[in-house]
Amino acid sequence: MTFDKTQTDLVTSETEADPLGLRELIERARVVLWDFDGPICRLFAGHSAEQVAAGLVEWLEGRGPAGLLTEAERNSPDPQVVLRAVDRRQPGSDLVAEVEERLARAELRAAASAMPTAYADPLIRTWTAVGARLAVITNNSPLVVSTYLTGRGLLGCFAPHIYGRTKDLRHLKPDPHGLNSALTAMSAAPSDALLIGDAVSDHEAARRAGVAFLGYARNERKAELLREAGARVVVRSLNQVLRHLRK
Ligand SMILES: [Mg+2]
């Protein structure tokens, strides 16, 4: 049983009852939808997301109305939390648009020092070589994704199917809009597709789109969050996926 070793790498208890979970996910996927930050790279690896969030908060304190953000939002290490908070309080405002633009610029600067996720590049190339069609569904700016993928020589594996943040923030994951857009554009059924993601919002978006989900977690804390959200198969290394694909 070549499965035994792999099984020990899987972090969900469900997979013990269903050791074929990963293999089934891989074999059924004709269309592979990737979240960007996490499964493909660590966008803020050399460029702290916390600093970006703090920069947005500082800028808002000079520009936005007083008391726009709660204490928890002001201290959030995640710039997406700050953006969405502003959007909730002032949806469709110029202020939201400005925060979004500032975040997109910070993401673009971060793209230059993003850390490729281990085994992501060969997995992307191998999946493309065996005939799967790939797309990116991300809450980051789509320009950042195409810039990063161009730098890795991987843009051709995805283009034109990159679905990122637009001015309409209601469409961010966990909303399934990006997944649905990709499936429509690729003339694919949800049952043909698999989403690889590292966040609970990815799992939720996949569930709402009727798409299978493969969790990627670079640490046990993230794996636990995905498992608690109901993810049945979570891998700690994309090499586990690559090994199956190469069989
Ligand atoms: Mg992510």
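Preceding this paragraph is the structure being described.
Residues numbered from 1 in each chain as written. Predicted model: local features only at pLDDT ≥ 70, side-chain atom pairs only at ≥ 80, totals over all residues. Heavy atoms only, no water.

So, on to the layout of surface pockets. In this model, the largest pocket occupies a volume close to 940 Å³. Of the residues in the lining of the largest pocket, the class split is 11 nonpolar, seven polar and 13 charged. Residue-level mapping places the lining of the largest pocket at the junction of two domains, with at least three residues from each of domain 1 (13-43 + 114-246) and domain 2 (49-111). Lining the second largest pocket are 20 residues, and of these L25, V211, A212, F213 and R232 lie nearest its centre. Looking at the lining of the second largest pocket, the element that brings in the most residues is helix α3 (residues 21-28), giving four residues. Residues that form the lining of the second largest pocket fall into these classes: 10 nonpolar, five polar and five charged. (1 Å grid on protein atoms, 1.4 Å probe; cavity = no way out; pocket = protein on both sides within 12 Å on 5 of 7 lines; lining within 4 Å. Points joined across faces, edges and corners; volume = space filled by probe spheres on them. Nonpolar A, V, L, I, M, F, W, Y, C, P; charged D, E, K, R; others polar. Domains from an automatic or database assignment. Helix = DSSP H or I, 4+ residues; strand = E, 2+ residues; numbered from the N terminus.)

Another point: the coordination of the magnesium ion. Binding of the magnesium ion to the protein goes through D35 (OD), D37 (O) and D198 (OD), at separations of 2.1 to 2.2 Å. Motif for the magnesium ion, donor spacing along one chain: D-x1-D-x160-D. Taken together, the positions of D35 in the loop between β1 (31-34) and β2 (41-42) and D198 in the loop between β6 (193-197) and α12 (200-209) put the pair 163 residues apart, joining distant regions of the chain. By relative accessible area, D198 is classed as buried at 12%. (Donors = N, O, S within 2.8 Å, 3.2 Å for Na, K, Ca; no water. Buried < 20%, exposed > 50% of the residue type's maximum accessible area, 1.4 Å probe, protein only.)

This part is about the environment of A72. Here A72 shows up in helix α5 (residues 71-74). Given the relative accessible area of 59%, A72 is considered exposed. Once the C-alpha coordinates of A72 and V82 are considered, the two residues, 10 residues apart in sequence, prove to be 9.8 Å apart.

A few words now on the environment of A159. Positionally, A159 belongs in the loop between α10 (155-158) and β5 (162-163). In this structure A159 comes out as partly exposed when scored by relative accessible area, which is 43%. Sequence separation between A159 and C41 is 118 residues, and the spatial gap between their C-alpha atoms is 17 Å.

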